[in-house]
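Spelled out from the first residue to the last, the chains are:
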Amino acid sequence: MAKCKAPGNVRILTDGEIINLFFEGRSIDSCAKYVSNNERTKIKEARQKVEQAIYDYYMRKDWQKDE
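Residues numbered from 1 in each chain as written. Predicted model: local features only at pLDDT ≥ 70, side-chain atom pairs only at ≥ 80, totals over all residues. Heavy atoms only, no water.

**Concerning the overall build of the protein**
Note the threshold: Counting from the N terminus, the helices are the DSSP runs of H or I reaching at least four residues and the strands are the DSSP runs of E reaching at least two. Under the scheme applied here, a residue whose accessible area is under 20% of the maximum for its type counts as buried, over 50% as exposed, and between as partly exposed, the area being computed with a 1.4 Å probe on protein chains only. Two residues form a contact once any of their heavy atoms are found within 4.5 Å. The method behind every accessible area is Shrake-Rupley, applied with a 1.4 Å probe, and residues are considered shielded solely by the protein chains displayed.
Summing up its helical and strand segments, the protein has three helices and zero strands in all. The linear arrangement of helices and strands in the protein, starting from the amino end, is α-α-α. The buried share of the protein, taken over its 67 residues, is 21%. Taking the contacts inside the protein whose residues are at least 6 apart along the sequence as the reference set, 49% of them involve residues at least 24 apart. When the accessible surface of the protein is summed, it comes to about 5,300 Å², and 54% of that surface belongs to carbon and sulfur atoms.

Written out as structure tokens, the structure is:
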């Protein structure tokens, strides 16, 4: 008998986890698929979340460099 996740057992990934996936060498599409599978969202929504996390990371990095 195969185990399946309960509908309420959704794991929301943090931006840090998404950034780590990206810097492990995964593409944005691969990260989006991973996020979509974990959070049970549509690929389009997951891709937007991944792109936003990467954008925020680089914005913070540039902001810290300016100080």
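**Let's talk about the side chain of Glu39**
Note the cut-off: Whenever a nitrogen or oxygen atom comes within 3.5 Å of another N or O atom, the pair is scored as a polar contact, on the condition that within protein one atom can donate a hydrogen and the other can accept it, and that pairs from neighbouring residues in sequence are kept only if both atoms are in side chains.
Tracing the chain through its elements places Glu39 in helix α2 (residues 28-39). Looking at Glu39, its side chain comes within polar contact range of the main-chain nitrogen of Leu13, at 2.8 Å. Excluding residues that lie within four positions of it along the chain, Glu39 makes contacts with Val10, Arg11, Ile12, Leu13 and Lys49.

**Section: the pattern of salt bridges**
Cut-off, in case you're wondering: Any Lys or Arg side-chain nitrogen located within 4 Å of an Asp or Glu carboxyl oxygen qualifies as a salt bridge.
Counting across every chain of the model gives four salt bridges. As a salt-bridge pair, Arg47 and Asp29 come within 2.2 Å of each other at their nearest N and O atoms. Placement of Arg47 in helix α3 (residues 43-66) and of Asp29 in helix α2 is noted, with a sequence separation of 18 residues between them. Residue classification places Arg47 among the partly exposed positions, given a relative accessible area of 30%. Lys49 serves as the salt-bridge partner of Glu39, at 2.8 Å between the closest nitrogen and oxygen.

**Quick word on the nonpolar core**
Convention followed: What we call a nonpolar core is a set of buried Ala, Val, Leu, Ile, Met, Phe, Trp, Tyr and Cys residues that are connected through their side-chain atoms within 4.5 Å.
In this structure, Leu13, Ile18, Ile19, Leu21, Cys31, Ala32, Val35, Ala46, Val50, Ala53 and Ile54 together form the largest nonpolar core, which totals 11 residues. Those elements giving two or more residues to this core turn out to be α1 (15-23), α2 and α3. Of the residues forming this core, the biggest block, four residues, is contributed by α3. Discounting residues that sit within four places of it in the chain, Ile54 has contacts with Ile19, Phe22 and Ile28.

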